[in-house]
There are 2 protein chains.
Amino acid sequence: MSATPDIRPAEQGSKQRLRLWLRLLAVTRKIEAELRERMRTEFDSTLPRFDVMAALSRNEQGLRMSALSGVLRVSNGNVTGIVDRLAEDGLVMRVPVAGDRRATLVRLTAKGAEVFARQAADHEGWIDAMLAELSADEARSYAARLRTLAQRLDDKGASE
Amino acid sequence: MSATPDIRPAEQGSKQRLRLWLRLLAVTRKIEAELRERMRTEFDSTLPRFDVMAALSRNEQGLRMSALSGVLRVSNGNVTGIVDRLAEDGLVMRVPVAGDRRATLVRLTAKGAEVFARQAADHEGWIDAMLAELSADEARSYAARLRTLAQRLDDKGASE
DNA sequence: CATAAATGTTTTAAGTATGAAATAAATTCT
DNA sequence: AGAATTTATTTCATACTTAAAACATTTATG
């Protein structure tokens, strides 16, 4: 029966986690805003376009629309418009899938691959500069911690 | 002149930081998606609406549109539509500023404050559950690290 | 084989995002 | 005071976002 008030550990933890989330959100948004701005001014492009091209770059044989939206974790309908615009610019192409006339495969064109390579190099450099404060070891350890956290979130999501 | 190949520490660090960024983005998006989904199903609302109400809740006397967009770090024009819809629902009101007919103050209505209180309590609970894996101390230390990182990013942005 | 169910994609409706242009009002300058 | 500039907000054009509906095609089932 001390005179100090109860700290109520559960509630305390909740506040700490809320604070962490708000900071996480703030940092992520700030970095994203910077990347978007640079994509816009230096490549006249956007992050979603870059994300799509990155996914296609890792799958040279192409990806179906559904696979693409799965990889990027955005809704199916969303990818349609982005691919439309990339196709208009000649950066990707739609290829029919033999034996399934519902599906289409999306692939980078030669021009698309070339453009993406340049963008990816700069993109990595921008991030490196923004996170320069973190040592390689520190970056590695945080990435590992986030990995287990993401895993846990995935498990939870799957069980619901 | 050893036979082991150069590791090129700078490039290594760059890859680690890129990986960290991608994980950060993945975790943030996953949590955001979960919060959005819950806001939608349980309160028929959205995160941007919640963010605006949270900012107004911290400033009972009200905020100008420009202050609001500054706090939320979204563009000015964007906030107009969100406040419009909140006003339609009777959750916020626009109050003229005495002595400056250009400006308007936005404030939570009584109903808005009441609705927000309920949403905020649940919101904190959702985050607490998603980050339950982290101890209060761990959350605190990560939050502190992110704070210095955010500070550094702000400094950089200001100098450009 | 014909219909029902499932799958792959696009379209639609509503909301959110940006940057830039437009509008309106206040302040500063001459 | 009158003109030029700055400040506060809205409007506009375009892109991205989701969820849900619509459409087309394939696979499964009776």
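Each value, and the rule that gives it
- Residues numbered from 1 in each chain as written.
- Chains lettered and ligands numbered in written order.
- Predicted model: local features only at pLDDT ≥ 70, side-chain atom pairs only at ≥ 80, totals over all residues.
- Heavy atoms only, no water.
- Helix = DSSP H or I, 4+ residues; strand = E, 2+ residues; numbered from the N terminus.
- Rg over C-alpha atoms; globule rule 2.2 N^0.38 Å.
- Buried < 20%, exposed > 50% of the residue type's maximum accessible area, 1.4 Å probe, protein only.
- Areas by Shrake-Rupley, 256 points an atom, 1.4 Å probe, with all protein chains shown as cover.
- Near = heavy atom within 4 Å.
- Polar contact = N/O pair within 3.5 Å; in protein donor to acceptor, adjacent residues only side chain to side chain.
- Nonpolar A, V, L, I, M, F, W, Y, C, P; charged D, E, K, R; others polar.
- Pairing = 2+ DSSP bridges.
- Contact = heavy atoms within 4.5 Å.
- Axes fitted to C-alpha atoms, helices over the stretch in contact; angles between N-to-C directions.

Caption draft 1: Summary view of the overall build of chain A. Along chain A, the regular secondary structure elements total six helices and three strands. For chain A, the sequential pattern of α-helices and β-strands runs α-α-β-α-α-β-β-α-α. Relative to a compact globule of 160 residues, whose C-alpha radius of gyration would be 15 Å, chain A shows 21 Å and is clearly more extended. In terms of principal-axis extent, the alpha carbons of chain A reach across some 75 × 40 × 25 Å. Counting every position in chain A, which comprises 160 residues, the buried fraction comes to 38%. Working note: accessible area of chain A is about 9400 Å², and carbon and sulfur atoms make up 52% of it.

Caption draft 2: Spatial organisation of the protein's contact with DNA strand D. The immediate surroundings of DNA strand D are formed by 24 residues, with A:Thr46, A:Ser75, A:Arg85, A:Arg101 and B:Ser66 found nearest. For DNA strand D, the backbone portion of the atoms within 4 Å of the protein, that is sugar and phosphate, comes to 78%. For DNA strand D, a phosphate oxygen lies 3.4 Å from a polar atom in the side chain of B:Glu37. The contact in question runs from a phosphate oxygen of DNA strand D to an N or O atom on the backbone of B:Thr104, over 3.0 Å. Elements that contribute at least two residues to the surface near DNA strand D include exactly helix 2 (47–57), helix 4 (76–88) and strand 3 (100–108) of chain A together with helix 1 (9–43), helix 3 (65–72), helix 4 (76–88) and strand 3 (100–108) of chain B. In the surface near DNA strand D, the residues fall into five nonpolar, eight polar and 11 charged.

Caption draft 3: Looking closely at the protein's contact with DNA strand C. As a structural note, the neighbourhood of DNA strand C is formed by 24 residues, with A:Ser66, A:Arg102, B:Thr46, B:Ser75 and B:Arg85 the closest of them. Among all atoms of DNA strand C positioned within 4 Å of the protein, those belonging to sugar or phosphate total 80%. Measuring from a phosphate oxygen of DNA strand C, one finds a backbone N or O atom of B:Ser75 at 2.8 Å. Here B:Asn78 contributes a side-chain N or O atom positioned 2.9 Å from a phosphate oxygen of DNA strand C. The set of elements that each furnish at least two residues to the surface near DNA strand C consists of helix 1 (9–43), helix 3 (65–72), helix 4 and strand 3 of chain A together with helix 2 (47–57), helix 4 and strand 3 of chain B. The class makeup of the residues in the surface near DNA strand C is five nonpolar, eight polar and 11 charged.

Caption draft 4: Representation of the sheet that holds strand 2 (residues 92–97) of chain B within the structure. Residues and elements named next belong to chain B. Sheet architecture is open: three strands sit in the order 1-3-2, paired in antiparallel fashion. A single partner strand is all that each edge strand has here, and the edge strands are strand 1 (63–64) and strand 2. Sheet topology note: the strand 2/strand 3 ladder contains six bridges and is antiparallel. In the sheet register, Val 97 faces strand 3, and the bridge partner there is Asp 100. In this fold helix 2 packs onto strand 1, strand 2 and strand 3, with an angle of close to 100° to the strand it touches most, strand 3.

Scope: geometric values only; no functional claims are made or implied.
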